[in-house]
Amino acid sequence: MSKAALKKELENLSREQLIEVIGAAYSSSKEARAYFEFFLNPDADALLDNKIDIISKELARAKRGYSKARITVIRKTIKDFSSFGVGDEYVGRLMYAAIRMIAGMEGYYYYPATLTNGVLKLVEEYIALSDLNASAGEAMANIERLENENIGRPAMRSRIMETARHAITGQTSLKPIKTNSKKR
């Protein structure tokens, strides 16, 4: 059903029927519950902390020194976060937190190529999103902070820095991720 068709159907419902439909959606879906709770009490910082915890738990998945973290779960968490309409600044903060955690954990676990390539793509998207919002300098300062604070192994830090520099100079064909957030 399209959004327009849904809107047309909802306009035909009475107030009591509408309350019943919303209550059923709230109780039937975890995602709907999270959305309604955020809609009724919009606290972007609390939601950011929740999503950081989800990413942290995903990065803790390991077996015998090998990371079992899935970049798809991390990317889905970021996409879900942006769907709440929290603003590109918050989405950028979550992306940087994910990059920082992945770089830091890389010293403890062996990362498969998919996770390493995924974090480099995430770095490019972080720079592209920051450039879109005219804060690419701040994003580069955050990436350079990884080097200054010795987060992770030197090889990973240098790959992240190199990827960020290439993204800044426009040597990447990547476009920023689409966010549903409104510019504030």
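Our subject is the structure that appears above.
Sequence order sets the numbering: in each chain, residues are counted from 1 along the sequence as written. In view of the model being predicted, local features appear only for residues whose pLDDT reaches at least 70, and side-chain atom pairs are presented and counted only at 80 or more, with totals across whole chains, interfaces and linings using the full set of residues. As a rule here, side-chain values cover all heavy atoms of the structure and leave hydrogens and water aside.

Undergrad: Teacher, can you tell me more about the nonpolar core here?
TA: In a soluble, globular protein the nonpolar side chains are often hidden away together inside. Ranked by size, the top nonpolar core spans 42 residues in total, and within it Ile-78, Val-86, Ile-99 and Ile-160 carry the most contacts. Each helix is a run of H or I in the DSSP string that is no shorter than four residues. Each strand is a run of E no shorter than two, and both are numbered from the N terminus. At the level of elements, helix 4 (44-59), helix 5 (71-82), helix 6 (88-105), helix 7 (113-132), helix 8 (136-148) and helix 9 (154-168) are the ones that each hand at least two residues to this core. A total of 10 residues in this core trace back to one element, the largest contributor, which is helix 6. By the convention used here, residues are in contact when the closest approach between their heavy atoms is within 4.5 Å. Filtering out sequence-adjacent residues up to four positions away, Ile-99 remains in contact with Val-119, Leu-122, Val-123, Tyr-126, Ile-143, Leu-146 and Ile-160. For this analysis, a nonpolar core means a set of buried residues of the types Ala, Val, Leu, Ile, Met, Phe, Trp, Tyr and Cys, connected via side-chain atoms within 4.5 Å. Exposed residues in this analysis have more than 50% of their type's maximum accessible area, buried residues have under 20%, and partly exposed residues fall in between, with area computed by a 1.4 Å probe over protein chains only.

Undergrad: I would appreciate a short explanation of the packing of aromatic side chains in the present structure.
TA: The geometry of an aromatic ring pair is captured by two quantities: the separation of the ring centres and the angle between the planes. In this analysis, rings of Phe, Tyr and Trp, with Trp reduced to its six-membered ring, are considered paired at centre separations within 6.5 Å, and the interplanar angle assigns stacked below 30 degrees, edge-to-face beyond 60, and tilted for intermediate values. Under the defined criterion, the tally for this structure stands at 7 aromatic pairs. Grouping aromatic residues by their ring pairs yields a cluster made of Tyr-26, Tyr-35, Phe-36, Phe-38, Phe-39 and Phe-84. Cation over ring: Arg-33 sits above Tyr-26, and NZ or CZ is 5.1 Å from the ring centre. To sit over a ring, a charge needs its Lys NZ or Arg CZ within 6 Å of the ring centre and within 35 degrees of the ring normal.

Undergrad: Sorry if this is basic, but what is going on with the environment of Asp-80 here?
TA: As for its placement among the helices and strands, Asp-80 is situated in helix 5. Overall, Asp-80 belongs to the partly exposed group, its relative accessible area being 26%. Sequence-wise, Asp-80 and Glu-31 are 49 residues apart; in three dimensions their C-alpha atoms are separated by 9.1 Å.

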